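Topology and contacts: notes
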Amino acid sequence: MKFKALSLLIFSVAILAVSCFKDLDTVPLDKDEITSANVYDDPAAYKRVLAKLYAGLALSGQQGPAGQPDIAGIDEGFSTYLRQYWKAQELPTDEAVIAWNDGTIQDFHQQDWDANNEFVTAMYNRIFYQISLCNEFLRETTDEKLSSRGVDGALKAEIATFRAEARFLRALSYWHALDLFRKPPKVSENDAVGSFFPQQYGTEELFNFIESELKAIEPELKEARTNEYGRADKAAAWTLLAKLYLNSEVYVDRARYSDCTEYCQKVINAGYSLESDYSHLFMADNDQASGVIFPVLFDGLYSKTWGGMTFVVHAAVGGSMSPADFGIDGGWGGTRTTSALVAKFPATGGSTVVNPNEGNTANYPKIYVPGGYQGWNPAEAAQLTSKNSDNNYEGYVWFPDDQKEFKFTLGPNWDNNFGDDGANGTLEQNGANLSIPSGGFYKINVNLNDNTYTLLKTEWGLIGSATPDGWNSDQNMTYDAAEGAWTITLNLLGSQEVKFRANDDWGLNYGDDGADAILEQNGANIAIPANGLYKINLYLDKADYTYSISRPAFDRRAMFYTTGQSLAISDISQFTSGYAITKFKNVTSTGQPGKDLTFVDTDFPMFRIEDVYLMYAEAVLRGGAGDQAQALDLVNDIRNRAYNGSGGDITANELTLDFILDERARELYWECHRRTDLVRFGKFSATDYLWPWKGGVPEGVSRPQHFDIFPIPASDLGANPNLEQNDPNY
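As a starting point, this report considers the structure included with it. For clarity, every value in this text was computed on a predicted model and none was experimentally measured.

1. A few points about the state of the cysteines
Put plainly, two cysteines are in a disulfide when a covalent bond ties their sulfur atoms together. A full pass over the atoms with the stated rule returns zero disulfides. Counting only cysteine sulfurs, Cys134 is the nearest neighbor of Cys672, a cysteine outside any disulfide, at a range of 18 Å.

Written out as structure tokens, the structure reads:
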């Protein structure tokens, strides 16, 4: 059964937090509430307290959504672990902006935070509150204490697994502290509560502690994919080790890429499969989705919070978006993305780029072309039209090789019909059948002012700067009789142009003067929006010649809402400035809303198998032991799902570190990876990689390198004389 953090009806437990700083003081409990002196009288309490540890990643207090906060001095909705972690990992990057102006939140975009930033402080406090919870659980579950309470052998064995999970959760928070702050204070279960000033961890010391903890608990954790959903197992520990090793060159200036591939391979060998539909990973029933290694759990009825996934889902909805489509009762109009993320996808929106335009077919005078190709029925025959109503008619007809004869009629009947008795291009009423020398696609012109006609057999092609041979030669199209269109599927270059051309010659070509999908002879070039595989159809069987452009293979991970939204962000405070993201929803995979329209059911996939695939590929590219062919296969497995087939597959030459960084953005955006990734690739600070509003200016500006990490909050520096700032520039 799903291990929902508060579905176990967690009661208040007085777990004393180690206070390195005054802001981490916990709110005193009422005298009638359960305390650590009697909480463990009930054998079932051990699992309930364990649930409290997991809930520490999602919730902010002892009752939901607010009222009894874990940490005093900050709004409960603002202060949840996941909400703060999401802001710290996403808002300073190219993946997200936020419209609000709460306190110093805009410092994230501007990359000008300091030690007094309340959001940085809230993240720091939440990390160490979570570590304190884990420490207290470990103090209360030693063999000595369990024996003193008469705990039997079976429960002791189960508690040993609980302790391993608590140590995993502590290691996870210490990894967040290492990644975000580098040199935090050191507190363990062996330290007396509140009676000392914690010493400061060195970066190397903290790295080694996390590594040793994760390796030590591996035998005690349940095998991969055998624990209750939402609880850590060996695969969660392996994934965290892989992350530690992937970033070790940043943390401790030592390459550990072979260690990264080793632990990635352990996870890969554990049998995780990719969820067949990418969108299902981010819905209200994503507890049923494949490939999630370690989620943070949420439930709209039992774990109500204004932070966590309630924040992630609600804040992303605004403008003309329908809250009901996201299973919520209203949007908060906050978070969007920048054009830098949008540009990493070959195109945005759905599969159709240009729809055919039916034009004014019904309004043009017409004549009919009955023949053997369609059973000599004028009422169902192809038509020629006179767009200028001047008795000059034009159109295209496809003739099979074995049906080469036809006539013209003035109406959908035989009352007034014309043929050519002399086969000399002149029409006579009731004349002989007309004939073509060979089957094919013919342009037919008829002038009823002088009763003449012309026939031109055509083969069509696509030409232009977007095509593989540019303007040098045509890319041949194929006639699809069932579709009634000339068609071609090929890779085209974005921000380039094409036209349609007959018979490899400029004598007959079509472009689009009005960008309205109506073609004109010698018309304007047609723009291709972005690199990608396109299917283009040319429809010349209609009165107004038209065309369509679609993407048979496109990246379905591009979940952008664009209606009423501008791509460029001219004003961060306006939700409609910047594309919205539709990735996370409080709607199930079957289309049903979550149990509550305010507080969402959607879990947050902190670790999932696709991240492991990409870590393996990156570590191999960086020189780690492993199989390059396997790395390519793993990346293409991800892209096969994204493109619903092999249309997005890459070659070995295309698998580069730059590609991996962009692919991580495409696959994992808004999942709290981006800041860490950009720092690892040297593209976060002191770099020429810019994005809109980086550094607080519309075009973006490089920022000093000390912004790769966040400062230790001034409040903790003032409270603990053993601490020094982690970078002298703060």
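2. Some words on the nonpolar core
Counting 156 residues, the largest nonpolar core has Phe168, Ile210 and Phe294 as its most contacted members. At 15 residues, helix α7 (residues 153-181) tops the list of elements feeding residues into this core. Apart from the residues within four sequence positions on either side, Ile210 is in contact with Ala171, Tyr174, Trp175, Leu178 and Leu244. Counting residues in each nonpolar core, the second largest holds 29 residues, with Tyr396, Phe441, Ile528 and Leu538 among its members.

3. Looking at the environment of Ser386
Secondary-structure assignment places Ser386 in the loop between β6 (382-385) and β7 (392-399). Between the alpha carbons of Ser386 and Tyr46 there is a distance of 85 Å; along the sequence they are 340 residues apart. Those residues within four positions of Ser386 in sequence are excluded, and the remaining contacts are Tyr364, Pro365, Asn391, Asn392 and Tyr393. At 3.1 Å, the side chain of Ser386 forms a polar contact with the backbone oxygen of Asn392.

4. A short note on the packing of helix α9 (residues 234-246) against helix α11 (residues 257-268)
Interaxial distance between α9 and α11 falls to 8 Å at its minimum, and their mutual angle equals 160 degrees. When the axes of α9 and α11 are compared, the pair comes out roughly antiparallel. As α9 packs across α11, the resulting crossing turns out to be left-handed. From α9, Ala235, Trp238, Thr239, Leu241, Ala242, Tyr245 and Leu246 reach across to α11, where they touch Tyr257, Asp259, Cys260, Tyr263, Cys264, Lys266 and Val267.

5. Regarding the layout of surface pockets
Roughly 540 Å³ of internal volume is contained in the largest pocket. In terms of lining residues, the largest pocket is bounded by 25 residues, among which Pro346, Asn531, Gly532, Arg639 and Tyr643 are the most central. Elements that contribute at least two residues to the lining of the largest pocket include exactly β18 (485-492), β23 (532-539), β24 (546-553), α15 (628-643) and α16 (657-668). Top contributing element to the lining of the largest pocket by residue count: α16, with three residues. Each residue belonging to the lining of the largest pocket can be placed in one class, and the counts come to 13 nonpolar, five polar and seven charged.

6. Re the packing of aromatic side chains
Ring pairs (aromatic) are described by centroid distance and by the angle formed between their planes. By the definition in use, this model includes 49 aromatic pairs. Summarising the aromatic geometry, the rings of Tyr124 and Phe128 are spaced 5.0 Å apart at their centres and angled 50 degrees between planes, so their arrangement reads as tilted. Placement of the pair is Tyr124 and Phe128 together in helix α5 (residues 118-140), with a separation of four residues, close to one helical turn. Here the two residues Tyr124 and Phe128 agree in accessibility, since each one is buried. Ring geometry for Phe294 and Phe607: centres 6.1 Å apart, planes at 50 degrees, overall tilted. Highlighted residues: Phe294 in strand β2 (residues 292-296) and Phe607 in strand β27 (residues 604-608), separated in sequence by 313 residues. Across the pair, Phe607 and Phe294 agree in class, each one buried. Among the aromatic residues, those joined into a ring-pair cluster are Phe108, Trp113, Phe119, Tyr124, Phe128, Tyr174, Phe181, Tyr201, Phe209, Phe707, Phe710 and Tyr730.

7. Brief notes about the packing of α9 against helix α14 (residues 609-621)
At a closest axis distance of 11 Å, the pairing of α9 and α14 adopts a crossing angle of 35 degrees. Handedness of the α9/α14 crossing: left-handed. Contact residues: Thr239, Ala242, Lys243 and Leu246 in α9; Asp611, Val612, Met615, Glu618 and Ala619 in α14. Along the lines of polarity and charge, the residues of the contact of α9 with α14 split into five nonpolar, one polar and three charged.

8. Details of helix α1 (residues 45-55)
Where burial is concerned, most of α1 is hidden: nine out of the eleven residues are buried. Of all the positions in α1, only Ala45, Tyr46, Val49, Leu50, Ala51, Lys52, Leu53, Tyr54 and Ala55 are classed as buried. Contact partners of the buried residues in α1: α5, α6 (143-148), α7 and β2.

9. Considering the sheet that holds strand β17 (residues 478-480)
Spatially, the five strands line up as an open sheet ordered β4-β24-β23-β18-β17, and their pairing is antiparallel. Here the strands that pair on one side only, and so sit at the sheet edges, are β4 (352-354) and β17. Strand-to-strand twist in this sheet, taken as the mean axis angle between neighbours without regard to direction, amounts to 30 degrees.

10. What about the pattern of salt bridges?
Summed over all chains, the structure comprises 43 salt bridges. When the shortest N-O distance is used, the salt bridge between Glu140 and Lys145 registers 3.3 Å. Glu140 gets classed as buried once you look at its relative accessible area, which sits at 9%. Among the salt bridges present, the one from Glu358 reaches Lys542, with a minimum N-O distance of 3.8 Å. Here Glu358 is found in the loop between β4 and β5 (366-369), whereas its partner Lys542 is found in the loop between β23 and β24, with 184 residues between them in sequence. Judged by relative accessible area, Lys542 falls into the partly exposed class, the value being 21%. In the salt-bridge network here, residues are joined through shared partners; they are Asp555, Arg557, Lys583, Arg608, Glu610, Arg639, Arg641, Glu663, Arg666, Glu667 and Glu671.

11. Thoughts on empty space enclosed by the protein
This model, assessed by the stated rule, comprises five cavities of 30 Å³ or more. Around the largest cavity, the lining is made up of 18 residues, and of these Tyr85, Trp175, Lys243, Cys672 and His673 lie nearest the centre. Every element with two or more residues in the lining of the largest cavity is listed here: α3 (81-90), α7, α9, β27 and α17 (674-680). Here the residues of the lining of the largest cavity sort into eight nonpolar, five polar and five charged.

12. Concerning helix α12 (residues 308-315)
Within α12, eight of the eight residues are buried, which leaves it mostly tucked inside the rest of the structure. In this fold, the buried residues of α12 make contact with α3, β1 (97-98), β3 (335-336) and β27.

13. Here's the deal with a negative patch on the surface
There is a patch of like negative charges on the surface, built from Asp627, Asp633, Asp637 and Asp649. Mapped onto the elements of the fold, Asp649 is located in the loop between α15 and α16. Classification of Asp649 by relative accessible area gives partly exposed; the value is 33%.

14. Re the side chain of Asp544
Locating Asp544 in the fold gives a position in the loop between β23 and β24. Exposure remark for Asp544: the relative accessible area of 5% places this residue in the buried category. At a separation of 3.0 Å, a polar atom in the side chain of Asp544 contacts the side chain of Tyr364. Excluding residues that lie within four positions of it along the chain, Asp544 makes contacts with Asn357, Gly359, Asn360, Tyr364, Lys387 and Ile518.

15. Quick notes on the environment of Ser389
Along the chain, Ser389 falls in the loop between β6 and β7. Taking relative accessible area as the criterion, Ser389 reaches 54% and is therefore assigned exposed. In this structure the C-alpha to C-alpha distance between Ser389 and Tyr364, which are 25 residues apart in sequence, comes to 7.1 Å.

16. Let's talk about the environment of Ala99
For Ala99, the position within the fold is in the loop between β1 and α4 (107-110). On the basis of relative accessibility, which here comes to 11%, the residue Ala99 falls in the buried class. Spatially, the C-alpha atoms of Ala99 and Thr142 are 48 Å apart, while their sequence positions differ by 43 residues.

The rules behind each value
Residues numbered from 1 in each chain as written. Predicted model: local features only at pLDDT ≥ 70, side-chain atom pairs only at ≥ 80, totals over all residues. Heavy atoms only, no water. Disulfide = S-S within 2.5 Å. Core = buried A, V, L, I, M, F, W, Y, C linked by side-chain atoms within 4.5 Å. Buried < 20%, exposed > 50% of the residue type's maximum accessible area, 1.4 Å probe, protein only. Helix = DSSP H or I, 4+ residues; strand = E, 2+ residues; numbered from the N terminus. Contact = heavy atoms within 4.5 Å. Polar contact = N/O pair within 3.5 Å; in protein donor to acceptor, adjacent residues only side chain to side chain. Axes fitted to C-alpha atoms, helices over the stretch in contact; angles between N-to-C directions. Parallel < 35°, antiparallel > 145°, perpendicular 65-115°, else oblique. Left-handed = near helix turned anticlockwise from the far one by under 90°. 1 Å grid on protein atoms, 1.4 Å probe; cavity = no way out; pocket = protein on both sides within 12 Å on 5 of 7 lines; lining within 4 Å. Points joined across faces, edges and corners; volume = space filled by probe spheres on them. Nonpolar A, V, L, I, M, F, W, Y, C, P; charged D, E, K, R; others polar. Phe/Tyr/Trp six-rings, centres within 6.5 Å; stacked < 30°, edge-to-face > 60°. Pairing = 2+ DSSP bridges. Salt bridge = Lys/Arg side-chain N within 4 Å of Asp/Glu carboxyl O. Patch = residues over 30% accessible without salt bridge, like charges linked within 9 Å, V, L, I, M, F, W, Y side chains within 5 Å. Areas by Shrake-Rupley, 256 points an atom, 1.4 Å probe, with all protein chains shown as cover. Lys, Arg positive; Asp, Glu negative; His and termini not counted. Charge placed at Lys NZ, Arg CZ, Asp CG, Glu CD.

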